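# Per-entry structural report
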Amino acid sequence: MTVIGVDVGGTKILARFIDPETGAASGRVKVPTPKTGTADVLDAIAGVVDELDPDRTATHVGIGVPGLVDGEGVVARCPNITGWDSPVDVRGELTPRLDRVVVVGNDVNCGALAEHRIGAGKGVDDLLVVFVGTGVGGGLILDGKLRVGHRGLAGEIGHLTVVGDGRPCGCGEDGHLEAYAGKAGMEREARARAAAGERNALADLAGDSAIKSRHIEQALESGDSVAESIIDDAANALAMGIGNLATVLDLDRVVLGGGVVDKLGQPFLDQISQSAHFGGFGIEMCELVLAKRLDDAGVVGAAILAADAA
Ligand SMILES: [Zn+2]
């Protein structure tokens, strides 16, 4: 079975043929994401599919988007895509145009699905995948299936409260995991401390631009104490969120990926593992492993999502 996977990002839209069993990819059509409204974004998605598959060899198209997607393929809003601030029925609009089975999913959920089927989560049925980058996103697999939830919220680990009355989160509330473990949250903290007179390598290395994962790595290597404490806070916040979810859901494994984890690697994972508590029943914490960093994971996961619907 050949399926088309489409990954809709804030800057580009990528389509490839994917074998959903192996993740093997072929063909590649990429266009910039239009910044002129959702009608043009839908046109661009239809355009990449038509260009990739003019002979209509694929029967299914999976589309991953950076926004909240309900069970019907309606995408509430995509903060990273200009002009996408009200719900769009992506599946309803594109099914007749593409004349194929169209399935729409959240891009993080697609990445999680790819890790589950062909990545570091392969072989277990109950899995949480956490991506730590600018923000913190997650995808949940239960009984071997992606759990989306009727509002699309399942797996949204970034906005779990981990500290009562804690640091402000980008979403407007306080004490969320993302405010501690996401790069944007770490940056706010590093700059606030610098402004309060606590000069630190994170703020210094980034200068006027956004803090990057490599800045975090460099600051830690230089032994900067503020960076160390910010990373300790991030590891503790992740440990609390992951430990709680792993207990409630009795997970087999947790996979961690994303820019921050890719850069800090196994030592960061060990730090999270050591702080995470599981249950209180004297049972060992489920295993935490690094993501496999699959090529085009969003495209592959979108295709797997569509194949699952077959
Ligand atoms: Zn939040």
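Reference entry: report on the structure contained in this document. Values in this document were obtained by computation on a predicted structure and should not be read as measured data.

## Some details on the overall build of the protein chain
Looking only at helices and strands, the protein chain has 10 helices and 12 strands in total. A separation threshold of at least 6 residues defines the contact pool for the protein chain, and within that pool the share at least 24 residues apart is 60%. Of the roughly 13,700 Å² of accessible surface on the protein chain, 48% is carried by carbon and sulfur atoms. Averaging the positions of the 27 positive and the 45 negative side-chain charges in the protein chain gives two centres separated by 4 Å.

## Examining the pattern of salt bridges
Counted according to the given criterion, the structure contains 15 salt bridges. Between D308 and R117 there is a salt bridge, with its nearest N and O atoms 2.8 Å apart. You can see D308 sitting in helix α10 (residues 297–308) and its partner R117 sitting in helix α3 (residues 107–118), a full 191 residues away along the chain. The closest approach of N and O atoms between R167 and E189, which form a salt bridge, is 3.2 Å. Residue R167 is located in the loop between β10 (145–147) and α4 (177–181), and its partner E189 is located in helix α5 (residues 183–195); the two are separated by 22 residues in the primary sequence. No difference in accessibility class separates R167 from E189, as the two residues are buried. Here the salt bridges share partners, and the residues they tie into one network are R167, E189, R193 and D233.

What counts as what
Residues numbered from 1 in each chain as written. Predicted model: local features only at pLDDT ≥ 70, side-chain atom pairs only at ≥ 80, totals over all residues. Heavy atoms only, no water. Helix = DSSP H or I, 4+ residues; strand = E, 2+ residues; numbered from the N terminus. Contact = heavy atoms within 4.5 Å. Areas by Shrake-Rupley, 256 points an atom, 1.4 Å probe, with all protein chains shown as cover. Lys, Arg positive; Asp, Glu negative; His and termini not counted. Charge placed at Lys NZ, Arg CZ, Asp CG, Glu CD. Salt bridge = Lys/Arg side-chain N within 4 Å of Asp/Glu carboxyl O. Buried < 20%, exposed > 50% of the residue type's maximum accessible area, 1.4 Å probe, protein only.

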